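Chain by chain, the residues run as shown.
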Amino acid sequence: MPPYEGRSTDVGAHPPGPSSTVITDPKEWYETSLLVPHEVIREGLHRMEDVCANWGEDRDWKLPSFLKWYKRYFYYFVHHHHTHEEEIFFPWIMTKVTEAPKKASEDHVTLLKTMDAILEVKTADELKKLIPQFVQDVKEHLTEEEEWWPSVLKDNFSEEEEHAQVEITLKALGLYGAKIGLPWIVTEMSNWAPPSFKEKFFGSLPPPLRLMYNWSWIVDYKKNNLGLLQSIKDDRKLSTWFWV
C-alpha cells in the first residue's frame, strides 16, 4: 500500500466519499473508471475555489505561487486527461457509441480556452473573476460525462477491455506525468474508493513506479501540490525546490 493516506491541508478539504453527484456509491469497475481522474479534478477545483475565497491580504508572491501550482499540477493533469480521452478512450468508446463522446470532445475545446486564459492573468482580482464560472463549467462537464460513461462501459465493454485502455493511458503519462498524477490519484482514492480498489490499483503499478512514488513523488505532492495553495491561505510564502 502507498504510505500516504490523506491530505495534510485544510485548503478545500471535502467530506469523505465521492464528490460526484452522479456516482455516489461506486462499487463496480464501470463506476470507478471515470472517478479516478474526475475526483482529482474536482479536488483541485475545490481547493482552487477555496483559496481564492480566502486569499487574505494580497502579497506580490501569492499570484505567482497560485500560477505555479496551477500550471505544474492542475493544468498539466487536466490537459493530459483530456488528451487521453480524445486520443485513447473516446476512439475506443466510439466503436460502439458516438454521440456522447462527440459532445464531451466539443466541451473540451471551450474549457481549455478558459484554462489558457487563467495562465495569463496578471492580478489576483482577474483570477478571482475567472475562477467561479470556470469551476462551475468544469463540474458540469464532469457530471455530464459521469451520466453516460458507466452505462456505456457496462453495456458495451468488459472489465478486461477497460483495463487494457487504462494500461495504455498509464504508459502515455510518462515518468513526469506519473510523478504529477499518481500521488494525487492515490491520495484521493483514500477519500472515495473502496479499499480493495485502491490496493488493486496501486499494486498493479510497475515496481519502478511504486519505488519512485514512495521515494520521491509523494514528497513532491505533499510539499508542493498541497503546500503552494496552503501557503496562500496561511499568508506564509512557501519556498519550493528550484525545479518547481
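Small disclaimer: the values here were computed from a predicted structure and weren't measured.

Draft legend 1. Main features of the overall build of the protein. Helix and strand content of the protein: seven helices and zero strands. Ordered by position in the sequence, the α and β elements of the protein form the string α-α-α-α-α-α-α. Taken over the C-alpha trace, the protein has a radius of gyration of 18 Å; the compact-globule value for 244 residues is 18 Å, and the two agree within 12%. Here the protein holds 244 residues, and 50% of them are scored as buried. Within the protein, contacts between residues at least 6 apart in sequence are counted, and of these 77% link residues at least 24 apart. Counting every atom, the protein has about 11500 Å² of accessible surface; 56% of that belongs to carbon and sulfur. Taken together, the 28 basic and 39 acidic charged side chains of the protein have centroids lying 7 Å from each other.

Draft legend 2. A look at the packing of aromatic side chains. Evaluation of the coordinates by the stated rule reveals 19 aromatic pairs. Seen in terms of ring centroids, tyrosine 76 and tyrosine 176 are 5.0 Å apart; in terms of plane orientation they differ by 85 degrees. Their pairing is edge-to-face. On the criterion of sequence distance, the pair formed by tyrosine 76 in helix α2 (residues 62–93) and tyrosine 176 in helix α5 (residues 159–192) is long-range, its members being 100 residues apart. Ring-pair connections join several aromatic residues into one group, and the members of that group are Trp55, Phe66, Trp69, Tyr70, Phe74, Tyr75, Phe77, Phe134 and Trp184. One Lys or Arg, lysine 96, reaches over the ring of phenylalanine 157 and ends 4.7 Å from the middle of that ring.

Draft legend 3. Seen up close, the environment of alanine 53. Residue position: alanine 53 is located in helix α1 (residues 29–53). With relative accessibility at 63%, the residue alanine 53 sits in the exposed group. In sequence terms alanine 53 and leucine 238 are 185 residues apart; their C-alpha atoms lie 19 Å from each other.

Draft legend 4. Structural detail: the environment of isoleucine 88. Here isoleucine 88 shows up in helix α2. Since its relative accessible area comes to 13%, isoleucine 88 is described here as buried. The spacing of isoleucine 88 and lysine 103 is 15 residues in sequence and 16 Å in space, taken between C-alpha atoms. When residues no more than four places from it in sequence are discounted, the contact partners of isoleucine 88 are Thr83, Gln165, Ile168, Thr169 and Ala172.

Draft legend 5. Up close: the pattern of salt bridges. Going through the model one piece at a time under the given rule, you end up with eleven salt bridges. Arginine 42 is the salt-bridge partner of glutamate 146, the closest N and O atoms lying 2.8 Å from each other. Taken as a pair, glutamate 146 in helix α4 (residues 124–156) and arginine 42 in helix α1 lie far apart in primary sequence, 104 residues in all. As far as the burial class goes, glutamate 146 and arginine 42 line up, both buried. Of the charged contacts, one joins glutamate 43 and arginine 47 as a salt bridge, the two residues approaching to 2.6 Å between their closest N and O atoms. With glutamate 43 and arginine 47 both in helix α1, this residue pair falls four residues apart, about one helical turn. In terms of burial, glutamate 43 and arginine 47 fall into one category: buried. Among the charged side chains, a salt-bridge network with shared partners connects Glu57, Arg59, Lys62 and Asp235.

Draft legend 6. How the structure looks around the side chain of serine 20. With respect to the element layout, serine 20 can be found in the segment before α1. A residue is classified by how much of its surface remains accessible, and serine 20, at 4% relative accessible area, is buried. Once residues lying within four places of it in the same chain are set aside, the contact partners of serine 20 are Leu35, Glu39, Arg42 and Glu146.

Cut-offs applied
Residues numbered from 1 in each chain as written. Predicted model: local features only at pLDDT ≥ 70, side-chain atom pairs only at ≥ 80, totals over all residues. Heavy atoms only, no water. Helix = DSSP H or I, 4+ residues; strand = E, 2+ residues; numbered from the N terminus. Rg over C-alpha atoms; globule rule 2.2 N^0.38 Å. Buried < 20%, exposed > 50% of the residue type's maximum accessible area, 1.4 Å probe, protein only. Contact = heavy atoms within 4.5 Å. Areas by Shrake-Rupley, 256 points an atom, 1.4 Å probe, with all protein chains shown as cover. Lys, Arg positive; Asp, Glu negative; His and termini not counted. Charge placed at Lys NZ, Arg CZ, Asp CG, Glu CD. Phe/Tyr/Trp six-rings, centres within 6.5 Å; stacked < 30°, edge-to-face > 60°. Lys NZ or Arg CZ within 6 Å of the ring centre and 35° of its normal. Salt bridge = Lys/Arg side-chain N within 4 Å of Asp/Glu carboxyl O.

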